[in-house]
Amino acid sequence: MSGQQVNTGKRRILSGVQPSGEAHLGNYLGAFRQWVDLQDTYDCLFCIVDQHAITGQYDPALLPQRIFDMAVSLLAVGLDPDRCSIFVQSEVQEHTELAWLFNAVTPVGELERMTQYKDKSSRLESIPAGLLNYPILQAADILIYRAQAVPVGEDQLQHLELTREIARKWNAQYGELFPEPQAIVGGTGRIMGLDGEAKMSKSLGNTVGILAEPEEVWSQVRTAVTDPQRIRKDDPGRPEVCNVYSLHEFFTDSSDLPDIAEQCRTAQRGCVDCKKILAENVAHEFEPFRDRAAHYRDRPEEVMEVLATGARQATVLAQETMAEVRRKMGMDWRKALT
Ligand code: ADP
């Protein structure tokens, strides 16, 4: 492991993923595929955000395996530890320290305005403060590395805007330190789950795993909801409203797509057969990922080492920032008095 990717003078980016175990199609199409490409042009830090995960319901007994499985997924899709840092958020303790300090410059009104907060809190009787303060920790995740850019999905743009505001407010109060990170919005947009109703998400159980074996991909894809107007096999379908068709657009050769659409419109092919083709194409595309995942699952110590190296690299950068932050906020008082 060269570990040469930090301090190369390239622009720096940070992005994070929840430790939700094996990644799903939404993670891959909406984020990871882009992360793999960004490794060549940026200094990249990728963080498994276990401290964010605790703001929702979770089982502590399952968290270690979910962290590990997410790390395997990141390596399986092609993040290369020689070209980026991959680490677990709680192993770089400066994130939470900076988050606490950012509490001092973050207006509660702004936090309460966040769509994700309003959404999630509306379903709860008792709202943990962590759910409200989540975007502060996210701002710290980004700004501790003084990242200039962040690849984000559209649903995270509001949080990134708040990060920029926190950077501005902190700089105005304590002196120029943090850049205002730009969004890199290059993903596919939101991938709908197999229910066709909500965003694909582990917590909704509507996912296709990227490391699933072909039979498992099929057992997931066969449950996918198609055009609701197509009740009987010979009803004509509408590919433009069918989530299975929208997934074909990512996984099926573009020269085959007109045929898939036409066979649906004319009811020449039933939904089950259409899903079978999709499942085969998904499983085929992810074959190299399954191979890489098998390599890492057989060598857990390699994964641990990747995450340890990533945490060491990230810590160096985080400590540099925190030294400046403490100085500017008047907390390096011993030095100041001598
Ligand atoms: P979530 O955004 O659901 O909390 P994560 O934080 O684990 O999930 O997601 C990691 C990355 O994957 C984020 O950049 C997020 O935008 C992307 N992602 C997750 N689910 C989807 C989806 N259904 N469609 C598109 N992108 C997604």
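Residues numbered from 1 in each chain as written. Predicted model: local features only at pLDDT ≥ 70, side-chain atom pairs only at ≥ 80, totals over all residues. Heavy atoms only, no water.

### Structural notes on the overall build of the chain
Quick note on the threshold: Think of it this way: any DSSP run of H or I at least four residues long counts as a helix, any run of E at least two long counts as a strand, and we number them from the N terminus. The globule rule is 2.2 Å times the number of residues to the power 0.38, and the radius of gyration it is compared with is taken over C-alpha atoms. The cut-offs for exposure are 20% and 50% of the maximum accessible area for each residue type, with area from a 1.4 Å probe on protein chains only; residues under the lower value are buried, those over the upper are exposed, and the others partly exposed. Any two residues having at least one pair of non-hydrogen atoms within 4.5 Å are treated as being in contact. Working definition of accessibility: Shrake-Rupley area with a 1.4 Å probe, residue cover restricted to the visible protein chains. Asp and Glu count as negative and Lys and Arg as positive, but His and the ends of the chain are not part of the count. In this description, the location of a charge corresponds to atom NZ of lysine, CZ of arginine, CG of aspartate or CD of glutamate.
For the chain, the helix and strand inventory stands at 15 helices and five strands. A compact globule built from 338 residues should have a C-alpha radius of gyration of about 20 Å, and the chain, at 22 Å, falls within 12% of that. In terms of overall dimensions, the chain has a C-alpha envelope of 85 × 45 × 40 Å along the principal axes. Relative to its full complement of 338 residues, the chain shows a buried share of 50%. Counting only contacts in the chain whose residues sit at least 6 apart along the sequence, the fraction spanning at least 24 positions is 78%. As displayed, the chain has an accessible area near 16500 Å², and 49% of this comes from carbon and sulfur atoms. A gap of 4 Å separates the mean positions of the 36 positive and 49 negative side-chain charges of the chain.

### Brief notes about the state of the cysteines
Short version of the rule: Pairs of cysteine sulfur atoms within 2.5 Å are identified as disulfides in what follows.
This structure, assessed with the given rule, holds zero disulfides. Counting only cysteine sulfurs, C84 is the nearest neighbor of C44, a cysteine outside any disulfide, at a range of 6.4 Å. Using a relative accessible area of 2% as the deciding quantity, one classes C44 as buried. Among the cysteines around C274, which has no disulfide bond, C264 carries the closest sulfur, lying 6.3 Å off.

### Some thoughts on the domain arrangement of the chain
Bring the parts together and some accessible area is lost; that lost area is often taken as the interface size. Short version of the rule: Either an automatic procedure or a domain database provided the assignment from which the domain bounds are taken. Joining two parts hides part of their accessible area as seen by a 1.4 Å probe, and the buried area is that hidden amount summed over both. What makes a salt bridge here is a side-chain nitrogen of Lys or Arg within 4 Å of a carboxyl oxygen of Asp or Glu, nothing more. Between N or O atoms, a polar contact is any pair within 3.5 Å; within protein, one atom must be a potential hydrogen donor and the other a potential acceptor, and residues adjacent in sequence are included only when both atoms are from side chains. Three classes are used, and their members are as follows: Ala, Val, Leu, Ile, Met, Phe, Trp, Tyr, Cys and Pro are nonpolar, Asp, Glu, Lys and Arg are charged, and the others, Gly among them, are polar.
Domain boundaries in the chain define domain 1 (12-192 + 299-336) and domain 2 (214-292). Spacing between the C-alpha centres of domain 1 and domain 2 amounts to 35 Å. Taken together, the contact pairs eleven residues of domain 1 with eight residues of domain 2. The junction of domain 1 with domain 2 conceals about 820 Å² of combined surface from both sides, 72% of it contributed by carbon and sulfur atoms. Per-residue buried area on domain 1 facing domain 2 is highest for L25, Y28 and A76; these three make up 50% of the total on that side. Along the contact surface separating domain 1 from domain 2 lie zero salt bridges. Our count for the contact surface shared by domain 1 and domain 2 stands at one residue pair in polar contact (both at pLDDT 80 or more). Per element, the largest residue contribution to the side of domain 1 that touches domain 2 is four residues, and it comes from helix α1 (residues 25-38). Partitioned by chemical class, the residues of the side of domain 1 that touches domain 2 number eight nonpolar, two polar and one charged.

### Describing the pattern of salt bridges
Proximity of charged atoms lets side chains of opposite charge pair with each other. If you walk through the whole model with that rule in mind, you get 18 salt bridges. Note that E110 and R113 form a salt bridge whose closest N and O atoms lie 3.1 Å from each other. Note that E110 and R113 are positioned in helix α5 (residues 108-113) at a spacing of three residues, about one turn of the helix. D227 is paired through a salt bridge with R238; the nearest N and O atoms lie 2.7 Å apart. In this pair, D227 is assigned in the loop between α9 (214-221) and α10 (243-251) and R238 in the loop between α9 and α10, connecting sequence segments eleven residues apart. Relative accessible area serves as the criterion here: at 3%, D227 is assigned to the buried category. Judged by its relative accessible area of 27%, R238 is partly exposed.

### Some remarks on the side chain of D50
Mapped onto the elements of the fold, D50 is located in helix α2 (residues 50-53). For the buried D50, no salt bridge exists, and the shortest N-O distance to an oppositely charged side chain is 13 Å, to R66. Contact partners of D50, with chain neighbours within four places excluded, come to P19, L63, I67, V88, Q89 and S90.

### Considering the packing of aromatic side chains
Definition in use: Geometry of aromatic contacts follows a simple scheme: Phe, Tyr and Trp rings, the Trp one being its six-membered ring, pair when their centres are within 6.5 Å, and the pair is stacked under 30 degrees between planes, edge-to-face over 60, tilted otherwise. Whether a charge lies above a ring is judged from NZ of Lys or CZ of Arg, which has to be within 6 Å of the ring centre and within 35 degrees of the ring normal.
A complete count under the given rule lists ten aromatic pairs for this structure. With centroids separated by 4.7 Å and ring planes inclined at 15°, the aromatic side chains of W35 and F46 adopt a geometry described as stacked. A residue pair is termed long-range when its members are at least 10 positions apart, and W35 in helix α1 and F46 in strand β2 (residues 43-48) qualify at eleven residues. Each member of the pair W35 and F46 is classed as buried. Ring plane angle 40° and centroid distance 5.0 Å describe the contact between W170 and Y174, whose orientation is recorded as tilted. Pair noted here: W170 and Y174 are both in helix α8 (residues 157-174), with a separation of four residues, about one helical turn. Judged by relative accessible area, Y174 falls into the partly exposed class, the value being 22%. Three or more aromatic residues link up through ring pairs in this structure, and these residues are Y28, F251, F286 and F289. One residue, K120, lies across the ring of Y134, its end atom 5.9 Å from the ring centre.

### Looking at the site of the ligand
Formally: The nearness test applies per residue and asks whether one of its heavy atoms lies within 4 Å of the molecule or strand.
Surveying the vicinity of the ligand reveals 13 residues, the closest of which are Q18, G26, I191, K199 and M200. One nitrogen or oxygen atom from the main chain of Q18 is found 3.1 Å from an oxygen atom belonging to the ligand. Measuring from a nitrogen atom of the ligand, one finds a backbone N or O atom of M200 at 2.9 Å. Look at the ligand: alone it shows 520 Å² of surface, and the protein chains cover 85% of it. Elements with a contribution of two residues or more to the shell around the ligand: β1 (12-17) and α1. At four residues, α1 tops the list of elements feeding residues into the shell around the ligand. Among the residues making up the shell around the ligand, the classes are represented as four nonpolar, seven polar and two charged.

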